[in-house]
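Observations on chain architecture
So the chains spell out like this:
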Amino acid sequence: MLTFTSLFSLLISLLIPFGLMLSASAQAPASDTWPQWRGVERTGVVKGPAWPADLEGLTEQWSVKLAEGYPGPIVSADKVFTVETKGKKDEIVRAFDRTTGEQIWEHSWAGSMKVPFFAASNGSWVRSTPAYDDGNLFVGGIQDVLVCLDADTGKPVWTVDFKKRFKAKTPAFGMVCSPLVIGDHVYVQAGGGFCKLDKKTGETVWRGLDDGGGMNGSAFSSPVLASIDGQQQLIVQTRTLLSGVDPETGKALWAKKIEAFRGMNILTPSVVDNQVFTSSYGGGSFMVDLPESKAGKIVPAFEWQNKTEAYMSSPIIIDGHAYMHLRNERMVCLDLETGETKWKSPKAVGKYMSMARQGDKILGLTERGQLMLIKASPDKMDVVSSKKISNQQTWGHIAVAGNQVFVRELKGLKVFIWEDVL
């Protein structure tokens, strides 16, 4: 006969595995998060449940008011993180409950500056989109600082002031590059160069691609990790160069000059079949081939060039074509094998468009608060559904995770539920 104590022990033994299963199920898969600039793979690709055929089932779940900011929202399994500039004085990082919108914590530090006059009309607010990894949030401040915060509590773990560490000039646009976390290290363009830091301590491992700081040091582009012809390398675009960097040593494996008006190389480069595609404001669009010489040295060369000029929106790559927003506010489709322009949109769509994609569907958010569901096709721009979702400017990059769409308004955050996504 079972005693009360033995019965209780048996019940606990049965519940523990169940509790472990609940705990495991609470950990969202990577496809249900948006941990960094342009998503899980840093390419705008969204995996997981299939998107609906239109935007009719997209409804607002919750919203909060914030001060101004450009960084896109970052989404973990249970939280959403935002960054803002308040009162032209402080930068504030906030964490919200992903389901309810309830604020969990906030942390702030003194940090603001004025950008050059020709860009001032769009505001002098914090720009860099954070990265979430292993329970920590890595946040770039406009005064060329990188702050590591405990994502559960908001408490600072470490702070790096790149100006002080490298005796660098204040970048004209502040820190714009979004940090990239790989394994035990963080990579970011800051302090007039490209830096590798220890993720746990913030200590410098190496610094390369020194470009002298100042205006040229205000790097806009964010790096990506790629394997090209079997060689792992970081693809980095400075104000003047497109380069492949050895992750271990910081040595530039190759470099190619990319023309741009006032050094406005802003896009995140796209790796396509051992080649690198990019586009610049005032320069054009370029496919860079990376053949080896007889001496085993990589000698980059333009496979093709096209006069179409991107601005700030990184492209979406689908089936050998690049879908890209242009300086003239139109959309374009480029054949990545030949460089041929397949089509341009018949009219302007806005000054900016952040994009995510799943299969042959592209979700594009303009700075006017207009959300478009586009079917990727080399034949024409095929907008299958469109919806006005904000009356504010929406410069922050759209985030899509599971059945939620996260939109950073200039002075707020809106979270939508896509009802047909299971």
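Residues numbered from 1 in each chain as written. Predicted model: local features only at pLDDT ≥ 70, side-chain atom pairs only at ≥ 80, totals over all residues. Heavy atoms only, no water.

1. Section: the confidence of the model for the chain
Averaged over every residue, the pLDDT of the chain is 91; residues scoring 70 or more account for 91%. Residue range residues 1-26 is modelled with pLDDT below 50. Its contacts to residues more than four positions away, or to other chains, number two contacts. (pLDDT = per-residue confidence, 0-100. Contact = heavy atoms within 4.5 Å.)

2. Focus: the sheet that holds strand β1 (residues 58-65)
The four strands are arranged β1-β32-β31-β30 in an open sheet whose pairing can be described as antiparallel. Looking at which strands have only one partner, the edges of the open sheet turn out to be β1 and β30 (399-401). Strand-to-strand twist in this sheet, taken as the mean axis angle between neighbours without regard to direction, amounts to 20°. (Pairing = 2+ DSSP bridges. Helix = DSSP H or I, 4+ residues; strand = E, 2+ residues; numbered from the N terminus. Axes fitted to C-alpha atoms, helices over the stretch in contact; angles between N-to-C directions.)

3. A word on the pattern of salt bridges
Taken as a whole, this structure holds 18 salt bridges when the rule is applied. A salt bridge links R98 to D32; its shortest N-O distance comes to 3.1 Å. In this pair, R98 is assigned in the loop between β4 (90-97) and β5 (103-110) and D32 in the loop between α1 (4-26) and β1, connecting sequence segments 66 residues apart. A salt bridge links E106 to R94; the nearest nitrogen and oxygen atoms lie 2.7 Å apart. With E106 in strand β5 and R94 in strand β4, the pair connects residues that are twelve residues apart, well separated along the chain. Here the residues in one salt-bridge network are E60, E409 and K414, joined through shared partners. (Salt bridge = Lys/Arg side-chain N within 4 Å of Asp/Glu carboxyl O.)

4. Description of the pairing of β5
By the bridge criterion, seven bridges tie β4 to β5 in an arrangement that is antiparallel. Residue pairing for β5: A95 is matched across the bridge by W105. If you look at the hairpin formed by β4 and β5, you'll find five residues sitting between the two strands, and G101 has a positive phi there, around 85°.

5. Looking at the sheet that holds strand β15 (residues 231-237)
Taken in spatial order, the four strands of this open sheet run β14-β15-β16-β17, and their pairing is antiparallel. Looking along the sheet, the strands with just one partner apiece sit at the ends: β14 (224-228) and β17 (252-257). Adjacent strand axes in the sheet meet at a mean angle of 25° when their direction is disregarded. Sheet topology places β15 next to strand β16 (residues 241-245); four bridges connect them, and they run antiparallel. Across the sheet, the residue bridging to L234 is V245, located in β16.

6. Concerning the environment of F277
Residue position: F277 is located in strand β19 (residues 275-280). Residues F277 and W304, 27 residues apart in the sequence, show an inter-C-alpha distance of 9.9 Å. Once residues within four sequence positions are removed from consideration, F277 is found in contact with P269, S270, S285, F286, M287, W304, P315, A322, M324, L334 and L336.

7. Details of the nonpolar core
Counting residues in each nonpolar core, the largest one holds 29 residues, and the members touching the most others are L363, V405 and W418. Every element with two or more residues in this core is listed here: β1, β27 (361-366), β28 (370-375), β30, β31 (404-409) and β32 (412-418). Broken down by element, the residue count for this core peaks at four residues, all from β32. Each residue touching W418, except ones within four places of it in the same chain, is listed here: W51, P52, D54, L55, G57, L58, L363, L373, N403 and V405. Grouped together as the second largest cluster of nonpolar side chains are 15 residues, V160, C177, V186 and L197 included. (Core = buried A, V, L, I, M, F, W, Y, C linked by side-chain atoms within 4.5 Å. Buried < 20%, exposed > 50% of the residue type's maximum accessible area, 1.4 Å probe, protein only.)

8. Some thoughts on the side chain of E367
Its place among the elements puts E367 in the loop between β27 and β28. Under the relative-accessibility criterion, E367 is labelled buried at 8%. The residues contacting E367, other than those within four sequence positions of it, are G350, K351, Y352, Q392, Q393, T394 and W395.

9. Notes on unusual backbone geometry
The phi dihedral of R38 falls on the positive side, at around 65°, and the residue is not glycine. As for its position among the elements, R38 is in the loop between α1 and β1. Positioned with a positive phi, D229 is a non-glycine residue whose angle comes to about 50°. Residue classification places D229 among the exposed residues on the basis of a relative accessible area of 54%.

10. Some details on the packing of aromatic side chains
Inspection of the entire model under this criterion finds 18 aromatic pairs. A ring pair is formed by F261 and Y281, whose centres lie 6.0 Å apart and whose planes are at 35°; its orientation type is tilted. Here the residue F261 occupies a position in the loop between β17 and β18 (270-272), and Y281 occupies one in the loop between β19 and β20 (284-289), the gap between them amounting to 20 residues. Owing to a relative accessible area of 41%, F261 belongs among the partly exposed residues under this scheme. In this structure Y281 comes out as buried when scored by relative accessible area, which is 15%. Here F277 and W304 contribute two aromatic rings whose centre-to-centre distance is 6.0 Å and whose plane-to-plane angle is 40°, an arrangement assigned as tilted. On the criterion of sequence distance, the pair formed by F277 in strand β19 and W304 in strand β21 (residues 301-306) is long-range, its members being 27 residues apart. In this structure F277 comes out as buried when scored by relative accessible area, which is 1%. Residue classification places W304 among the buried residues on the basis of a relative accessible area of 8%. Across from the ring centre of F302, 4.6 Å away, lies the NZ or CZ of K256, which sits over that ring. (Phe/Tyr/Trp six-rings, centres within 6.5 Å; stacked < 30°, edge-to-face > 60°. Lys NZ or Arg CZ within 6 Å of the ring centre and 35° of its normal.)

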